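So you can see what is in the structure, the chains are spelled out below.
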Amino acid sequence: MNGTRVLSVASEIFPLIKTGGLADVAGALPGALAAENISVRTLVPGYPAITHALDHASAVYDFPDLFGGRARLLAAQARGLDLFVLDAPHLYDRPGNPYLDPNGKDWADNAFRYAALAKVAAELARGLLDVYRPAILHLHDWQAGLAPVYLHFAEGPRPRTVMTIHNLAYQGQFSADLLPKLGLPAQAYGVDGIEYYGTISYLKGGLQFADRITTVSPTYADEICTPEFGMGLDGLLRRRLSSLCGILNGIDEAEWNPASDPHLAGHYGRNNPDGRVLNRFELQQRLGLDLDPDAMLLGVVSRLTWQKGLDMLQAALPPLMGQGFQLALLGAGDQQLESGFSELVRRHPGRIAAVIGYDEGLAHLIQAGCDALVVPSRFEPCGLTQLYALRYGAVPVVARVGGLADTVIDANEMALANGSATGLQFAPVTTERLSGALRRARILHRDKSAWKTLQSNGMATDVSWRRPARRYASLYRDATAQR
Ligand code: ADP
Ligand code: GLC
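As the structure is a computational prediction, the values presented were derived from the model and not from experiment. (Residues numbered from 1 in each chain as written. Chains lettered and ligands numbered in written order. Predicted model: local features only at pLDDT ≥ 70, side-chain atom pairs only at ≥ 80, totals over all residues. Heavy atoms only, no water.)

1. Thoughts on helix α11 (residues 335-347)
A rise of 1.5 Å per residue sets the reference length of α11, with its 13 residues, at 18 Å; its end C-alpha atoms lie 18 Å apart and thus fit the reference within 8%. Taken together, the buried positions of α11 are occupied by Leu 337, Glu 338, Gly 340, Phe 341 and Leu 344. On an axial view of α11, the arc spanned by its buried residues comes to 160 degrees, and they lie on one face. Residues Gln 335, Gln 336 and Arg 346 are exposed on α11 and point more than 90 degrees away from its buried face. Contacts made by the buried residues of α11 are with β13 (296-304), α10 (310-316), β14 (325-333) and β15 (352-356). (Helix = DSSP H or I, 4+ residues; strand = E, 2+ residues; numbered from the N terminus. Expected span 1.5 Å × (residues − 1). Buried < 20%, exposed > 50% of the residue type's maximum accessible area, 1.4 Å probe, protein only. Arc of directions from axis to C-beta. Contact = heavy atoms within 4.5 Å.)

2. Side note on the site of ligand 1
Taken together, the neighbourhood of ligand 1 is formed by 19 residues, with Lys 18, Gly 21, Asp 24, Arg 303 and Gly 357 sitting nearest. In the environment of ligand 1, an oxygen atom lies 2.6 Å from a nitrogen or oxygen atom belonging to the side chain of Asp 24. Between ligand 1 and Thr 385 there is a distance of 3.4 Å, counted from an oxygen atom to a backbone nitrogen or oxygen. Notes on ligand 1: free accessible area 560 Å², of which the protein chains cover 93%. Secondary structure elements with two or more residues in the shell around ligand 1: α1 (21-34), β13, β14 and α13 (385-392). With three residues, the single largest contributor to the shell around ligand 1 is β13. (Near = heavy atom within 4 Å. Polar contact = N/O pair within 3.5 Å; in protein donor to acceptor, adjacent residues only side chain to side chain. Areas by Shrake-Rupley, 256 points an atom, 1.4 Å probe, with all protein chains shown as cover.)

3. Describing the site of ligand 2
For ligand 2, the set of nearby residues contains 14 residues, the closest of which are His 166, Asn 249, Glu 380, Cys 382 and Gly 383. In the model, an oxygen atom of ligand 2 is placed 2.6 Å from a nitrogen or oxygen of the His 166 side chain. One of the side-chain nitrogen or oxygen atoms of Asn 167 is found 3.4 Å away from an oxygen atom of ligand 2. Protein contact buries 93% of the 310 Å² of open area that ligand 2 shows by itself.

4. Brief notes about the domain arrangement of the protein chain
Each domain of the protein chain was delimited in the assignment, giving domain 1 (4-250 + 466-481) and domain 2 (275-460). Distance from the C-alpha centre of domain 1 to the C-alpha centre of domain 2: 32 Å. On the domain 2 side, the residues contacting the 20 residues of domain 1 number 19 residues. Summed over both partners, the interface of domain 1 with domain 2 buries about 1400 Å², with 60% contributed by carbon and sulfur atoms. The interface formed by domain 1 and domain 2 includes one salt bridge. When the shortest N-O distance is used, the salt bridge between Glu 360 and Lys 18 registers 3.5 Å. (Domains from an automatic or database assignment. Buried area = accessible area lost by both parts, 1.4 Å probe. Salt bridge = Lys/Arg side-chain N within 4 Å of Asp/Glu carboxyl O.)

5. A look at the sheet that holds strand β7 (residues 160-165)
Consider a sheet: its strands pair through backbone hydrogen bonds, and that pairing is either parallel or antiparallel. Spatially, β3-β4-β5-β2-β1-β6-β7-β11-β12 is the arrangement adopted by the nine strands of the open sheet, whose pairing is mixed. Unpaired on one side and paired on the other, β3 (55-63) and β12 (244-246) mark the two borders of the sheet. In this sheet, adjacent strand axes meet at a mean angle of 25 degrees when their direction is disregarded. Across four bridges, strand β2 (residues 38-45) lies against strand β5 (residues 81-87) in parallel orientation. (Pairing = 2+ DSSP bridges. Axes fitted to C-alpha atoms, helices over the stretch in contact; angles between N-to-C directions.)

6. A word on the side chain of Ser 201
The topology assignment puts Ser 201 in strand β10 (residues 199-201). For Ser 201, a relative accessible area of 0% corresponds to the buried category. Discounting chain neighbours no more than four positions away, the residues touching Ser 201 are Gln 171, Gly 172, Gln 173, Ile 194 and Tyr 196.

7. Concerning the layout of surface pockets
Volume-wise, the second largest pocket comes out at about 560 Å³. Lining the second largest pocket are 20 residues, and of these Arg 280, Pro 293, Asp 371, His 445 and Lys 448 sit closest to its centre. Split by residue class, the lining of the second largest pocket holds seven nonpolar, three polar and ten charged. (1 Å grid on protein atoms, 1.4 Å probe; cavity = no way out; pocket = protein on both sides within 12 Å on 5 of 7 lines; lining within 4 Å. Points joined across faces, edges and corners; volume = space filled by probe spheres on them. Nonpolar A, V, L, I, M, F, W, Y, C, P; charged D, E, K, R; others polar.)

8. Things to note about the state of the cysteines
Applying the stated criterion across every chain, the model contains zero disulfides. Cysteine Cys 225 is unpaired, with the sulfur of Cys 245 as its nearest cysteine sulfur at 12 Å. Cys 225 sits in the buried class, given a relative accessible area of 11%. (Disulfide = S-S within 2.5 Å.)

9. Points about the environment of Ser 464
Summarising the element assignment, Ser 464 is placed in the loop between α17 (448-460) and α18 (466-481). Residues Ser 464 and Asp 93 lie 371 residues apart in sequence; the distance between their C-alpha atoms is 35 Å. At 3.1 Å, the side chain of Ser 464 forms a polar contact with the backbone nitrogen of Arg 466.

10. Looking at empty space enclosed by the protein
Summed over all chains, the structure comprises one cavity of 30 Å³ or more. What lines the largest cavity is simply Val 6, Ser 8, Val 25, Ala 26, Leu 29, Pro 30, Leu 33, Val 40, His 138, His 140 and Tyr 476. When residues of the lining of the largest cavity are traced back to their parent elements, those giving at least two are β1 (4-9), α1 and β6 (136-140). Looking at the lining of the largest cavity residue by residue, the classes come out as eight nonpolar, three polar and no charged.

11. A word on the nonpolar core
Ranked by size, the top nonpolar core spans 80 residues in total, and within it Leu 43, Leu 86, Leu 124, Leu 182 and Leu 207 carry the most contacts. Tallying contributions element by element places helix α4 (residues 110-125) first for this core, with twelve residues. Core analysis: the next-biggest nonpolar cluster, separate from the first, contains 57 residues, Ala 389, Val 397, Leu 404 and Val 408 among them. (Core = buried A, V, L, I, M, F, W, Y, C linked by side-chain atoms within 4.5 Å.)

Next up, the structure:
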């Protein structure tokens, strides 16, 4: 290994374990940074999905008692990723979703499960292993948020720390009574520490004590400094404004390549986009939709939560059904949203299909087969599905918030005239404006050449990790140069 060493800390990583975009980022960024001469190793929890996938694992450290049980640190590789795996069966040897128990509730000991991850990250950063000294500790989301807190209250030299916010809505909030059990001093609990409205917030701790803060788009970086999007942390973020920046996510272009994607029925690229038609047909057939060549097939691939605004799609669609729309939705999450979509399927057979569950292959096929991908999020730190859509020639119809605002160029009069449009945006984020955008999309879709231009512009957009990786590289350089 050579180049600058970065220890990244993430609670999920593609292709080993994934619940959302964080896994995609944690999995793809190391490869992109290698091109910048930065070598990343990622510390991850030893869930079964990870421990069962390891090649060449060796135990490099033993913790006789890590939050109530014995744990080992493994140095390992899996699917091309360099990892440290925290093998702590009492905390992580549980199948399924990393954060939720089989009843869909947060694991009762999540405070300790992720304090352990952060504690070990902090120890590694302080030189736990003679042979491994990172120059940067890069922490992702609340699950890693306590690491800068542990470092702040520890003695001795430490590397620079970067805290990345993928979603401010998840903060890792726990009872203040836990403080002594976390091994933190009483003074950690204060408004300028990890105290958050009478509780402990792991993310707040990270934001308080990390040297640099990033989030995953420039617009979201601005938004989170306002009370409307700041989730109670906007004051802190405004105070730390000079250390905060937004760096857009990229996508893994090998994993998401319509010219070679193994999940597709037909391969295609920007020069032969007609190959999409096979995927459209396959998608309609597989989901039991009418094989209607004239329909406008909308796609959705999403967690079903309030954030994603899909209740607005449920309200907007029925009055539009006379206009030839179809919907192929893949998602899982809130019970009420799931049953709302199941009800729409019953009422509009052949026109609306909803697969409730998680299916990586189908997610790819939807991107390759739908005409337009709908992302009506109320807030969206970056969003990856609209980036996949751009690459796959599915025209994104998105709310003008966060990373969606930064990555899609609306087909307004000017953008249509100068040929720069890549999709449609709507604001404010209401059912009415979403309906308006869908109607506008329908009109454009009937104009075959206008639609082709949108698709082709989208497919020409640079959504790779190259630019973001250069920005992270320069951020790391700045942070290490800073005294
Ligand atoms: P978030 O991280 O907020 O969920 P992103 O758009 O950043 O949103 O990333 C979502 C990732 O998860 C994408 O890779 C998307 O394809 C994937 N995804 C979401 N829901 C599903 C699902 N039900 N099945 C398969 N993949 C999904
Ligand atoms: C979060 C956000 C999403 C972002 C992803 C990866 O889950 O909700 O917008 O794309 O993290 O950064």
